[in-house]
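# Residue-level structural notes
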Amino acid sequence: MKRYNAIALILGATFAFSACAENTHQDTFNTQSAEFCSVNLDKAAGQLDDFRQAYTNPKNIPTAFTDGKTKFTKPMGWTSGFVAGNFWYIYEHTQDKSWLNTANQWTHALEDMRFNRKTHDIGFIMSSSYGHGLRLTKEQSYGPLLDDAAKTLMERYNPNIGVTFSWSWGTWEFPVIIDNMMNLELLFNASLRTGDKTFHDAAVSHATVTMKHHYRPDHSSYHLVNYDRDTGLPNNKQTFQGIADDSSWARGQSWGAYGYTMVYRFTQDKKFLQHAKNIVNYLLTHKNMPEDLVPYFDYDAPDDPEVTNYRDSSAASLLASALLELATYVDQTEADRYKKAAMKIIRSLSSPEYLAAKGQNGHFLLKQATGHYPANLDLNSALNYGDYYYLEALTRCKSL
Ligand code: GLY
C-alpha cells in the first residue's frame, strides 16, 4: 500500500489568505477546544439516548423534525444512513457497548441498499452506516458489502462524460449535482480494499470533470449540470435547491468543500487541494457570511428581498468538518485559519441558538437547518445529516 493510501485510511478514519474582508474569528484552536468538543459529544450522547428510545424501527428512519413533527424515510431515501452514522459517532466517543449494538442494528437494516440502483446517494447511505461499522469494529463482512455498493454506483458512471449521474428521475438527460462529490468516498475506499483501480479512476475523473463544469471563476458552484451523452459536454447548468441558477446554494458549496478535501485525501493531487482551498476561501470571505459563520441557505439570499433568509445549520456543520480535515493538509498559517473558523462554527452550533435543549427538537441535535427552500420543504428544521456532520466535526476536533 502506498504511504499516502495509508494516511488516507487513517485520516478517513477519524477524520491564501484573501484581500476581502473576513470575519474575525475570536476562537483559537487549543486543548480547551478539544475539551469543548468532548463535552458537547457527551451532551449529544444524552440527547441521542432519548432519540433511540423514541424511535425504535431502524427501517423507518427519522430524517427531519419540522414544525413540531418528525418525518421519516425508508432505507431507499438518501438520508437513511445518517442515523446509524450518528450512533457510530456516539459509540466512538463513549465506547459504550450499548451504542455499538444500536449502531449495528441501524446499520444492518440497510444491508439491501448496496443494490439500490435508484440513486447516486448509495455512497451517503452505505458509507455513513457500514463504512463506520467497518472502521470502528473491523467486522470483515462489512467490506464486501461496501464493495457491492461501489459496484452498484459504478453502473452510473459514463466514461464518455467521465462522471456518475445523480438522479434516476426527472427530465434531465444526464443530471449531476455537486452533492455527488460526496459519494466518491465509497469508490476510493473500494479501490483501496479490492485493489481495483477502476473505482479510483472513475472517482478522479468525476472530481476532475466536476471541477471543470460545475465551478465558476469565483470558485462558487452550480448545483446541477445536465450533460449531453453524445458530446460529453454540459447542456445546461441550473439550481434545484438554491434560489437561482447562478446563485450559491449553501449546502452545495459545503458539499464541494468537503468533497474536494476528501478527494485530496485519497489522491494527494495538489490541484484538488488548491480547489478545496479556493472554495473555502470563497465561503469564509463571502460578504453574506454571517458573523457566527452559520450561512443562510443560499449565499445570495440576503441580496434578494423576495427571499426569506433562513439559515442552514447543516451547511455549517459540514463546512466545519471539512475545515478540520483541510487544516491537516496545509501549512501552519492556513491550518490555524481553518481550525479557527471551524471552531467558530462549532461554538455557534453548540450555543442554544442552534443546539436543542435535551428533550426538545424531536430529540435531534441541531435546529435551523434548511432542507429544500424552493419546494418549501423542511425550513427552519432539524435534519439528520446536519446532526451527522456536527458529530463528525466534534469528533475530529476532539482528536486534533
Ligand atoms: N443531497 C441533498 C441535499 O443536500 O439536500
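Now for a look at the structure at hand. (Residues numbered from 1 in each chain as written. Predicted model: local features only at pLDDT ≥ 70, side-chain atom pairs only at ≥ 80, totals over all residues. Heavy atoms only, no water.)

### So, the sheet that holds strand S6 (residues 224-227)
Our working definition: When DSSP finds at least two bridges between two strands, those strands are taken to pair. What counts as a helix is a DSSP run of H or I of at least four residues, what counts as a strand is a run of E of at least two, and both are numbered from the N terminus. Structural elements are reduced to axes, namely lines fitted to C-alpha atoms, with helices fitted over the stretch in contact, and the angle between N-to-C directions of any two is expressed from 0 to 180 degrees. Pairs of residues are marked as contacts when any of their non-hydrogen atoms sit within 4.5 Å.
The sheet built from three strands is open, its strands ordered S5-S6-S7 with antiparallel pairing. Taken across any chain shown, the strands that pair with only one partner, and hence form the sheet edges, are strand S5 (175-177) and strand S7 (234-238). Taken pair by pair, the neighbouring strands of this sheet meet at an average axis angle of 20°, ignoring direction. Two strands pair when backbone bridges link them, and S6 and S7 are joined in this way by four bridges, in the antiparallel orientation. In the sheet register, Val225 faces S7, and the bridge partner there is Lys237. On top of the sheet, helix H8 (residues 197-214) reaches S5, S6 and S7; it is set at about 105° to S6, its chief contact.

### Brief notes about the pairing of strand S1 (residues 61-66)
Here is the rule: For every residue, the accessible area obtained with a 1.4 Å probe (protein chains only) is divided by the maximum for its type, and the residue is called buried under 20%, exposed over 50%, and partly exposed between those limits.
Where burial is concerned, most of S1 is hidden: six out of the six residues are buried. Across five bridges, S1 lies against strand S2 (residues 69-73) in antiparallel orientation. Within S2, the residue paired with Ala64 across the bridge is Lys71. Where S1 folds back on S2, the antiparallel hairpin that results is connected by two residues, among which Asp67 adopts a positive phi of roughly 50°. Pairing analysis gives two bridges linking S1 to strand S8 (residues 382-383), with the strands arranged antiparallel.

### What about the pattern of salt bridges?
What counts here: Within this document, salt bridges are pairs made up of a side-chain nitrogen of Lys or Arg and a carboxyl oxygen of Asp or Glu, the two lying within 4 Å of each other.
Scanning the entire structure with this criterion turns up 19 salt bridges. Linked by salt bridges that have partners in common, Glu185, Arg265, Glu325, Glu392 and Arg396 make up one network.

### Describing the site of the ligand
What counts, and what does not: By convention in these notes, a residue is near a molecule or strand provided one of its non-hydrogen atoms lies within 4 Å of it. Identification of polar contacts relies on pairs of N or O atoms within 3.5 Å, with a donor-acceptor requirement for protein atoms, meaning one able to donate a hydrogen and the other able to accept it, and with residues adjacent in sequence counted only if both atoms are side-chain atoms. The Shrake-Rupley method, run with a 1.4 Å probe, gives the accessible areas here. Residue values count only the displayed protein chains as cover. Ten residue types, Ala, Val, Leu, Ile, Met, Phe, Trp, Tyr, Cys and Pro, are classed as nonpolar, four, Asp, Glu, Lys and Arg, as charged, and the remainder, Gly among them, as polar.
Close contacts around the ligand come from Trp78, Asp179, Gln241, Trp249, Arg251, Trp255 and Tyr385, and that covers them all. Between the ligand and the protein, one listed contact pairs an oxygen atom with a side-chain N or O atom of Arg251 at 2.6 Å. In the complex, 93% of the free accessible area of the ligand, which totals 200 Å², lies under the protein chains. Residues belonging to the shell around the ligand are distributed by class as follows: four nonpolar, one polar and two charged.

Shape is all these values report; function is a separate question.
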